[in-house]
Amino acid sequence: MTRRRLLQALCTAAAALSTHSFAPAAQRPRARATLHPLSAADGAPTEEGNFFSALLQKVLPTQQPSLVEDVPIETEEEKLRRLRRERLAKIEAGEVRRTQRAAEDKYLYLFLFALQLLPLAGTDRIESVLYFFGVAVTTVYLGGRQEVIEKPESVTRENALYAPIGASLAIGGLYALLKVGIDITALYAVMVTIFGALAISDIGVPLLRNIFPDVDFSKAEVPIPKALAEKLPDYDADLDEPSLPLDGLVTLGLGTLCTIVYWAPAAMEQKFLVSNAIAWALGMVSLGAISLGSFQTGAILLAGLFCYDIFWVLGTDVMMTVATKVEAPVKFLFTAPPSDEPRAYPFSVLGLGDVVIPGLFVRLMAKADEVLQPKNLSYFNVATAAYAAGLLACFGVNEIFHNGQPALLYLDPSLVGSSLACAAVNNQVTDLWGFKAEETEE
């Protein structure tokens, strides 16, 4: 409205100026008529205002169409319900993808299950090596291929640079507490097993759906009391029967059962496979929840932890002390082979970090395959093979020298070197070096 009045005033002033300049004095209209050329006394425009009246009618139409249509206004409650429905639909779509991927890899999951029967065949050195090698390589491969629902948390360069320092402070602190007689093993194990139960609940859903394909888990729900439902974050008061998904409840029950068995008053030799199951679930969830972000970030992280592992394993007794004194499901165990000499710890050990840290890099190479589309060699397949080769080298050296080895000493150079060699074969060294996974992750 202000713009319309301004234009009208300018045009009116121009009309008055034009009349004043060119009309004889006797014929000049009165000031009142000149100031209002669009509204003469009889309601019709004056002769002098005809031109400017037409101009104003063209520039400023008397009635402008509405640009905004009337739409229903969404209330806050309706918005929350809509967002909840959208989130549930997203979760279900993600579970469908996870189930399909688990179906594609079903034989590897069966192989993992079969490996748990290996201790029945014997506890010699060869059985322990086959067990650790099979579990580690299969987990890295499955973790690299698994589908996820939520966008993973990306590791930044700063995180990668400071990771060895943070890890050193953590393991050094645990070692110091043990040396002064403070044992926080129970507290640490409680926290780990709680997260382990949740990890089993999460990773078990696609496996359960494949075991029972005839059950429509997208609609199968279990009613729960309203008092309990009100405490849940996604509670909808309009639901007649508050309920929870059947598959999630079943797998949560399985995770809880594993935790109860872990804490049962029995020797670890009788339940170490349950500890391994919890550790495996934690490893798989970690591989899906964390992304290295970029090739350079991954290389920085592996280089830093390469030095960390060498120092704490070969340079001190810190790593071995913490690994054997702090009992929690953050490592894979296998009954140690019989020996004439008494052993301080009755198990052979493979740390969970020796699976997860290299596994994150292998998963990054799976993303590189999706984006770079290599023509000759798959980055993911080469990285998986390099991990297997590095792990075999670690086991071989351990067998020769009969002492604990820093696995990352063999795994990290194998992974980074093989990936760059693969990029050279694919003529994509520059592309791989500058590769950023966060640009492709939803």
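Since the model is a prediction, treat every value here as computed from it, not as a measurement.

K.L.:
Which residues make up the overall build of the protein chain, and what values do they have?
P.N.:
Each helix and strand counted, the protein chain has 18 helices and six strands in total. Counting the 442 residues in the protein chain, one finds 40% classified as buried. Here the analysis covers contacts within the protein chain between residues at least 6 apart in sequence; of these, 74% occur between residues at least 24 apart. In the structure as shown, the protein chain presents an accessible area of about 25400 Å², 62% of it carried by carbon and sulfur atoms.

K.L.:
I'd love a proper account of helix α11 (residues 246-262), names of residues and values included.
P.N.:
Here α11 contains 17 residues, and its C-alpha end-to-end distance of 24 Å stays within 8% of the 24 Å for a straight helix at 1.5 Å per residue. Buried residues of α11: Asp247, Gly248, Thr251, Gly255, Cys258, Thr259 and Tyr262, and no others. The arc that holds every buried residue of α11, seen down its axis, measures 110°, which confines them to one face. On its buried face, α11 is in contact with α9 (185-211), β3 (243-245) and α12 (272-289).

K.L.:
Please set out the packing of aromatic side chains residue by residue, giving values where relevant.
P.N.:
Tallied over the full model, the rule gives twelve aromatic pairs. Pairing Phe272 with Phe334 gives two aromatic rings, centres 6.4 Å apart and planes at 75°, and the pair type is edge-to-face. Remark: Phe334 occurs in strand β5 (residues 331-335) and Phe272 occurs in helix α12; sequence separation between them is 62 residues. A single burial state applies to Phe272 and to Phe334, both of which are buried. One aromatic cluster is present, formed by Tyr131, Phe132, Phe272, Phe334, Tyr345 and Phe347 through successive ring pairs. Between the NZ or CZ atom of Lys271 and the centre of the ring of Tyr262, over which it lies, the distance is 5.7 Å.

K.L.:
Report on the packing of helix α4 (residues 76-104) against α9, specifying residues and quantitative values.
P.N.:
In contact at an axis separation of 8 Å, α4 and α9 are set at 65° when each is read in the N-to-C sense. Overall, the two elements α4 and α9 adopt an arrangement that is roughly perpendicular. The crossing of α4 and α9 is right-handed. Contacts between α4 and α9 involve Glu92, Glu95, Val96, Arg98, Thr99, Ala102 and Ala103 from the former and Asp202, Ile203, Val205, Pro206, Leu207, Arg209 and Asn210 from the latter. For the contact of α4 with α9, the per-class residue count stands at seven nonpolar, two polar and five charged.

K.L.:
Could you give an account of the confidence of the model for the protein chain, naming the residues involved and the relevant values?
P.N.:
Averaged over every residue, the pLDDT of the protein chain is 85; the share at 70 or more is 81%. Confidence over residues 13-45 falls short of pLDDT 50; this stretch has 23 contacts with residues more than four positions distant or in other chains.

K.L.:
Requested: an account of unusual backbone geometry, with residues and values cited.
P.N.:
Despite not being glycine, His402 has its phi angle at roughly 55°, a positive value. Look at His402 and you get exposed, because its relative accessible area is 64%. In this structure, Asn427 takes a positive phi of about 60° despite not being glycine. Of note, Asn427 is situated in the loop between α17 (407-425) and α18 (429-433).

K.L.:
So what about the environment of Ala197? Which residues, and what values?
P.N.:
Locating Ala197 in the fold gives a position in helix α9. Relative accessible area serves as the criterion here: at 9%, Ala197 is assigned to the buried category. Taking the C-alpha atoms as reference, Ala197 lies 9.7 Å from Ile260; in sequence the two are 63 residues apart. Residue contacts for Ala197: discarding those within four places in its chain leaves Leu252, Gly255, Thr256 and Thr259.

K.L.:
Can you lay out the environment of Asp354 for me, pointing to particular residues and giving the numbers?
P.N.:
Its place among the elements puts Asp354 in helix α15 (residues 353-372). Taking the relative accessible area as the measure of exposure, Asp354 reaches 16% and is therefore buried. Between the C-alpha atom of Asp354 and that of Ala136, which follows or precedes it by 218 residues, the distance is 8.4 Å. Here Asp354 is in contact with Asp309, Tyr387, Ala407, Leu408 and Leu411, once residues within four sequence places are set aside.

K.L.:
Which residues make up helix α7 (residues 125-145), and what values do they have?
P.N.:
Between its first and last C-alpha atoms α7 spans 30 Å; for 21 residues at 1.5 Å apiece the expected length is 30 Å, and the two agree. The buried fraction of α7 amounts to 15 of the 21 residues, a majority that puts the element mostly inside the structure.

K.L.:
Lay out the pattern of salt bridges with the relevant residues and their values.
P.N.:
Going through the model one piece at a time under the given rule, you end up with 14 salt bridges. Note that Glu86 is salt-bridged to Arg82, the shortest N-O span being 3.1 Å. Taken together, the residues Glu86 and Arg82, both in helix α4 and four residues apart, mark about one turn of the helix. Since its relative accessible area comes to 42%, Glu86 is described here as partly exposed. Arg82 gets classed as partly exposed once you look at its relative accessible area, which sits at 27%. Between Glu327 and Lys331 there is a salt bridge; the shortest N-O distance is 3.8 Å.

Reading the values: rules and limits
Residues numbered from 1 in each chain as written. Predicted model: local features only at pLDDT ≥ 70, side-chain atom pairs only at ≥ 80, totals over all residues. Heavy atoms only, no water. Helix = DSSP H or I, 4+ residues; strand = E, 2+ residues; numbered from the N terminus. Buried < 20%, exposed > 50% of the residue type's maximum accessible area, 1.4 Å probe, protein only. Contact = heavy atoms within 4.5 Å. Areas by Shrake-Rupley, 256 points an atom, 1.4 Å probe, with all protein chains shown as cover. Expected span 1.5 Å × (residues − 1). Arc of directions from axis to C-beta. Phe/Tyr/Trp six-rings, centres within 6.5 Å; stacked < 30°, edge-to-face > 60°. Lys NZ or Arg CZ within 6 Å of the ring centre and 35° of its normal. Axes fitted to C-alpha atoms, helices over the stretch in contact; angles between N-to-C directions. Parallel < 35°, antiparallel > 145°, perpendicular 65-115°, else oblique. Left-handed = near helix turned anticlockwise from the far one by under 90°. Nonpolar A, V, L, I, M, F, W, Y, C, P; charged D, E, K, R; others polar. pLDDT = per-residue confidence, 0-100. Salt bridge = Lys/Arg side-chain N within 4 Å of Asp/Glu carboxyl O.

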